[in-house]
Amino acid sequence: MTNPIPIRLKAARKSVGLTQQQLGMQLGMEQSTASARMNQYEKGKHAPDYQTMQRIAQELGFPVAYFYCDDDLLAELLCLLAKLPKDKQQALLQQLAQDEEKN
């Protein structure tokens with residue numbers, strides 16, 4: 001199975017219009033190494049630890065689970081759900097649970 005982090009990281013970064021260097025610098029990396037470090041994450045040569053992935057997700061405005069999800073449809077759903085207010089998330093959860101009970 002392919003690691004979803006490199007693909008999702010690159011897609012998320014591009015969707016917000018940042019270069020690898022810009023993202024790395026926003027995360028506190030040195031200007032001289034930011035691009036190379038982010039490139040290694042996007043190429044899958046190195047994987048960010050969970051804390052770093054949380055910071056990346058926050059900086060890009062994506063749920064951290066998006067980067068680990070190996071199912072494209074579920075990953076899209078995660079992004080949409082994360083944008084909903086908590087009360088709407090809760091209502092949707094209740095609705096889905098009720099639908100599941102009926103099946």
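Nothing here was measured: the structure is a model prediction, and the numbers come from that model.

(A) Structural context of the packing of helix α1 (residues 4–15) against helix α3 (residues 31–43). Contact geometry for α1 and α3: axes closest at 6 Å, N-to-C directions at 125 degrees. By the angle class used here, α1 and α3 are oblique. Counted together, Pro6, Leu9, Lys10 and Arg13 of α1 and Met38, Tyr41, Glu42 and Lys43 of α3 form the full contact between these two elements. Residue classes in the contact of α1 with α3 are distributed as four nonpolar, no polar and four charged.

(B) Representation of a positive patch on the surface within the structure. A cluster of basic residues, Lys10, Lys14, Lys43 and Lys45, forms a positive patch at the surface. Its place among the elements puts Lys10 in helix α1.

(C) Seen up close, the packing of α1 against helix α4 (residues 50–60). Running from amino to carboxyl end, α1 crosses α4 at an angle of 30 degrees, the nearest separation of the two axes being 10 Å. As judged from the angle between their axes, α1 and α4 are roughly parallel. Crossing of α1 over α4 shows left-handed handedness. Between α1, through Ile5, Leu9, Ala12 and Arg13, and α4, the contact on the second element is made entirely by Met53, Ile56 and Leu60. Looking at the contact of α1 with α4 residue by residue, the classes come out as six nonpolar, no polar and one charged.

(D) Representation of the packing of aromatic side chains. Scanning all chains against the criterion turns up four aromatic pairs. Among the aromatic side chains, those forming a connected cluster through ring pairs are Phe62, Tyr66 and Phe67.

(E) Structural context of α1. Look at α1: 16 Å from first C-alpha to last across twelve residues, which is about the 16 Å you get at 1.5 Å a residue. Inspection of α1 places Pro4, Ile5, Pro6, Arg8, Leu9, Ala12 and Arg13 among the buried residues, and these make up the whole buried set. Among the structural elements, α2 (20–26), α3, α4, α5 (64–68) and α6 (72–83) are those in contact with the buried residues of α1. Near the N-terminus of α1, the side chain that reaches the backbone nitrogen of Ile5, with its oxygen 3.0 Å away, is that of Asn3.

(F) Examining the nonpolar core more closely. Core analysis: the largest hydrophobic core is formed by 20 residues, its most contacted members being Leu9, Leu23, Met38, Ile56, Leu60 and Phe67. Looking at this core, the elements with two or more residues in it are α1, α3, α4, α5 and α6. Setting aside its immediate chain neighbours within four residues, Ile56 contacts Leu9, Leu23, Leu27, Met38, Tyr41 and Pro48.

(G) Up close: the environment of Ala65. By the element assignment, Ala65 lies in helix α5. Residue Ala65 is classed as partly exposed on the basis of its relative accessible area, which comes to 35%. Expressed as a C-alpha distance, the spacing of Ala65 and Cys79, which sit 14 residues apart in the sequence, is 8.9 Å.

Definitions and cut-offs
- Residues numbered from 1 in each chain as written.
- Predicted model: local features only at pLDDT ≥ 70, side-chain atom pairs only at ≥ 80, totals over all residues.
- Heavy atoms only, no water.
- Axes fitted to C-alpha atoms, helices over the stretch in contact; angles between N-to-C directions.
- Helix = DSSP H or I, 4+ residues; strand = E, 2+ residues; numbered from the N terminus.
- Parallel < 35°, antiparallel > 145°, perpendicular 65-115°, else oblique.
- Contact = heavy atoms within 4.5 Å.
- Nonpolar A, V, L, I, M, F, W, Y, C, P; charged D, E, K, R; others polar.
- Patch = residues over 30% accessible without salt bridge, like charges linked within 9 Å, V, L, I, M, F, W, Y side chains within 5 Å.
- Areas by Shrake-Rupley, 256 points an atom, 1.4 Å probe, with all protein chains shown as cover.
- Salt bridge = Lys/Arg side-chain N within 4 Å of Asp/Glu carboxyl O.
- Lys, Arg positive; Asp, Glu negative; His and termini not counted.
- Charge placed at Lys NZ, Arg CZ, Asp CG, Glu CD.
- Left-handed = near helix turned anticlockwise from the far one by under 90°.
- Phe/Tyr/Trp six-rings, centres within 6.5 Å; stacked < 30°, edge-to-face > 60°.
- Expected span 1.5 Å × (residues − 1).
- Buried < 20%, exposed > 50% of the residue type's maximum accessible area, 1.4 Å probe, protein only.
- Polar contact = N/O pair within 3.5 Å; in protein donor to acceptor, adjacent residues only side chain to side chain.
- Core = buried A, V, L, I, M, F, W, Y, C linked by side-chain atoms within 4.5 Å.

Any functional reading would require information that these geometric values do not contain.
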